[in-house]
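Breakdown of the fold
Letter by letter, the chains look like this.
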Protein chains: 2
Amino acid sequence: MSAEKSVKTVTCTAPVNIAVIKYWGKRDEELILPINSSLSVTLHQDQLKTTTTAAISRNFKEDRIWLNGVEDNINHSRLQSCLREVRRLARKRRGGEEDETTPWSMSQKVHIASVNNFPTAAGLASSAAGYACLVYTLSKLFGVESELSAIARQGSGSACRSMYGGFVQWVMGQRADGKDSLAKQVEDEMHWPDLRILILVVSAERKHIGSTAGMQTSVETSPLLKYRAESVVPARMEEMTEAIRQRDFERFAQLTMKDSNQFHATCLDTFPPIFYLNDISKRIINLVHRYNDYYGQTKVAYTFDAGPNAVIFTLEPVMNEFVEVVKGCFPPESNGGPFLKGLPVSPTDLSDELRSAVETEPTPRGLQYIIVTKPGPGPQLSEDSSIHLLGPDGEPKSSA
Amino acid sequence: MSAEKSVKTVTCTAPVNIAVIKYWGKRDEELILPINSSLSVTLHQDQLKTTTTAAISRNFKEDRIWLNGVEDNINHSRLQSCLREVRRLARKRRGGEEDETTPWSMSQKVHIASVNNFPTAAGLASSAAGYACLVYTLSKLFGVESELSAIARQGSGSACRSMYGGFVQWVMGQRADGKDSLAKQVEDEMHWPDLRILILVVSAERKHIGSTAGMQTSVETSPLLKYRAESVVPARMEEMTEAIRQRDFERFAQLTMKDSNQFHATCLDTFPPIFYLNDISKRIINLVHRYNDYYGQTKVAYTFDAGPNAVIFTLEPVMNEFVEVVKGCFPPESNGGPFLKGLPVSPTDLSDELRSAVETEPTPRGLQYIIVTKPGPGPQLSEDSSIHLLGPDGEPKSSA
């Protein structure tokens, strides 16, 4: 019993974010400093989240980590960066002295367990939610209150944006030590209540070229990426921030699509070229443009990260109809039940006119499923100890 | 009989060309002046050519044109530009006076018939060969000897490059009247005897977005295209010219691939985005990179125009093996006979090591066929009157 009591356990959750001004390319590989600023929307944790439990105890012999139930290598350098930086902040907070009288000393070892409720590496930026959750959870465990996005950034660049809810800028900064390369909230998750986000899961296959290797090759070989980072993105950051502040969907949507396309253009300008969009992705892009053309108005936008899955932005009144349009193009395999996950969608009838305007050869099995969500808050401390992933002994709970 | 004798008939052929530094975007739509210089290889007419017959007679009531056996609209503005400009040169040559005593007066009407021996609009730049052939044939009919590429350019931009054999630059020029926007031969068709060109015909479907509309949208919407034209292409033109002069295949091949990729990147940066590459095109790209990686040397290059078909450059000693590799990836439907057209290819055995290095899931029916060719000469006057497409009366011969 005394062994169990000497374990302190904290569980937190953190969100996925989707960039609308894309991050692609580092100026410093070690500190993870980007070549341009970026801007993202934080997705709601009711649909997509990482849950992390961290525990500390005198009884632990070494730092250990379990990802989705399987022990992983704690010596991964980015993981080590995050652990080291949170411990450093914790020591600083205590005046730089090791306090041997507290049971939760900085020198004690941690056990970490983390799970995602969505497929890892399916282009859904699982590393962003993962590192945001790790850093947030460790900070709660060690009682650290400081700015944490610069630490999360050292785990995975885009993780810094998952440290806030709503609409978030990652300001690239200028300093060589990266201290000014931080995430900042533009508006919180309540700012744009009728914004809806659909994730069209084209393929849950692991992507061929990971984003770390991909962006490194792009920085080395693409003349267009350099130009984009230096000369295109700065104005787009301002325009996007303004569009979000004013809830100007048309402007937000157009810029989101243009920036996604430009990011994928720089991948194609990379040598050898990198392709993340496949023929299904292109069909989705064409479908969105036909839908908007039909209304003579930009009612729906797409964006694609380093994978073929589409993330769709639209407004609540448009959502039901657009989902129906997508189902027409990509008829679900089964009765449609598990095809839609997340927020409720009401079936709706499409006019013949709309149907024929967007009509295309249907592609059955083109999509696996759709996740329906909206902007959500940043990382959360869980008060419910029943969701701890580590037992009272600090070992992973059996998944049974 | 007298009516027949009063018909003067000329037949010429002209080649297709494939750009290795791409042309995309006009600064003047009317005169067809490009936003950057470009460079191409002229393909041999033994495999791909346009044949055009033009006739002139007092008996003709109006200018008429037949394309692939079907009468077309002679009033097409680009066709009219070419007719007008050749007639103007002819008049100028005769001292600006209309000479009513010659039977082949400039004011007499022309009949034109033109056929391609390859699928129209399959991304094989049929308009380039077509307009080059038209202008060359009219010049022979009217006895004009001047520089003709500026006239062909007004039919279709890339047609100016089909006015020469071998390796050809289209120098963009600076003048507003376009008089300095001309094609110039870099090296003739004998310069690089072992260079081979394979056309991998992915799909003979008509492309969705024609290049005229596509490039106009790109100029209006793509920030990357503007940068490419102004800041990337000039140095590439010099490097490509140098690589060709030195027959430096490695340099030629790498730059060819990079420039193709960058062109398609600017199409993707266009809004709405334009996609010419499909999943089969990407498989070809990946196959080429895997093949080159296997040898640690750039032995093969790809380039793609405004369509999914690949054009492959390689050297004669490599060709047989690479064709075998392509056949492994895209198994021909039939016995392989009609799958290969053009220059002979010898079947060859692939080592198991190579096979497994480039191995991929085979895609039957991914390719329709392969045309094997090499660099060839510019337009040719045919001395053989039996190939005239117009009969002695100046009407199209029956195709029977």
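Looking at an unreviewed UniProt entry, chain A carries the name Diphosphomevalonate decarboxylase, with the source organism given as Pleurodeles waltl. A UniProt comment under Catalytic activity (unreviewed entry) is attached to chain A, and it reads "(R)-5-diphosphomevalonate + ATP = isopentenyl diphosphate + ADP + phosphate + CO2". In its Pathway (unreviewed entry) section, the UniProt record describing chain A reads: "Steroid biosynthesis; cholesterol biosynthesis."

As a further point, take the pattern of salt bridges. Pairing between side chains becomes possible if they bear opposite charge and their charged atoms approach one another. This model, assessed by the stated rule, comprises 29 salt bridges over all chains. B:Arg64 is the salt-bridge partner of B:Glu71, the closest N and O atoms lying 2.8 Å from each other. With relative accessibility at 39%, the residue B:Glu71 sits in the partly exposed group. Taking the shortest distance from any N to any O, the salt bridge between B:Asp259 and B:Arg236 comes out at 2.9 Å. In this pair, B:Asp259 sits in helix α7 (residues 249-268) while B:Arg236 sits in helix α6 (residues 223-245), placing the two residues 23 residues apart along the sequence. Both residues of the pair, B:Asp259 and B:Arg236, count as buried. The network of salt bridges with common partners includes A:Arg64, A:Glu71 and A:Glu395.

Okay, the sheet that holds strand β9 (residues 109-116) of chain A next. Residue and element names in this part refer to chain A. Spatial strand order, β8-β7-β9-β6-β1-β17: 6 strands in an open sheet with mixed pairing. Looking at the sheet topology across the chains shown, the edges are occupied by β8 (70-72) and β17 (380-381). Here strand β6 (residues 49-57) runs beside β9; their pairing, made up of 8 bridges, is antiparallel. The residue of β9 that forms the bridge with Ala54 is Ile112. Where helix α3 (residues 126-142) meets the sheet, it contacts β1 (8-15), β6, β9 and β17, and its direction lies at approximately 35° from that of β6.

Before going further, it helps to examine the interface of chain B and chain A. Every contact between the two is made by 28 residues of chain B and, on the other side, 29 residues of chain A. Here chain B packs against chain A, burying approximately 2400 Å² in sum over the two surfaces, 73% of which is carbon and sulfur. Across the chain B-chain A interface, the total number found is 0 salt bridges. At the boundary of chain B with chain A, the tally comes to 5 residue pairs in polar contact (both at pLDDT 80 or more). Where the side of chain B that touches chain A is concerned, the elements lending two or more residues are α6, α7 and α8 (279-295) of chain B.

Considering all chains together, one arrives at 4 cavities of 30 Å³ or more under this definition. A:Leu268, A:Phe275, B:Leu268, B:Phe275 and B:Lys282 are the residues nearest the centre of the largest cavity, which is lined by 16 residues in total. Elements with a minimum of two residues in the lining of the largest cavity: α7 (249-268) of chain A together with α7 of chain B. In terms of residue class, the lining of the largest cavity is made up of 12 nonpolar, 2 polar and 2 charged.

Rules and cut-offs
- Residues numbered from 1 in each chain as written.
- Chains lettered and ligands numbered in written order.
- Predicted model: local features only at pLDDT ≥ 70, side-chain atom pairs only at ≥ 80, totals over all residues.
- Heavy atoms only, no water.
- UniProt positions renumbered as here; feature names shortened; annotations may be inferred.
- Salt bridge = Lys/Arg side-chain N within 4 Å of Asp/Glu carboxyl O.
- Buried < 20%, exposed > 50% of the residue type's maximum accessible area, 1.4 Å probe, protein only.
- Helix = DSSP H or I, 4+ residues; strand = E, 2+ residues; numbered from the N terminus.
- Pairing = 2+ DSSP bridges.
- Contact = heavy atoms within 4.5 Å.
- Axes fitted to C-alpha atoms, helices over the stretch in contact; angles between N-to-C directions.
- Buried area = accessible area lost by both parts, 1.4 Å probe.
- Polar contact = N/O pair within 3.5 Å; in protein donor to acceptor, adjacent residues only side chain to side chain.
- 1 Å grid on protein atoms, 1.4 Å probe; cavity = no way out; pocket = protein on both sides within 12 Å on 5 of 7 lines; lining within 4 Å.
- Points joined across faces, edges and corners; volume = space filled by probe spheres on them.
- Nonpolar A, V, L, I, M, F, W, Y, C, P; charged D, E, K, R; others polar.

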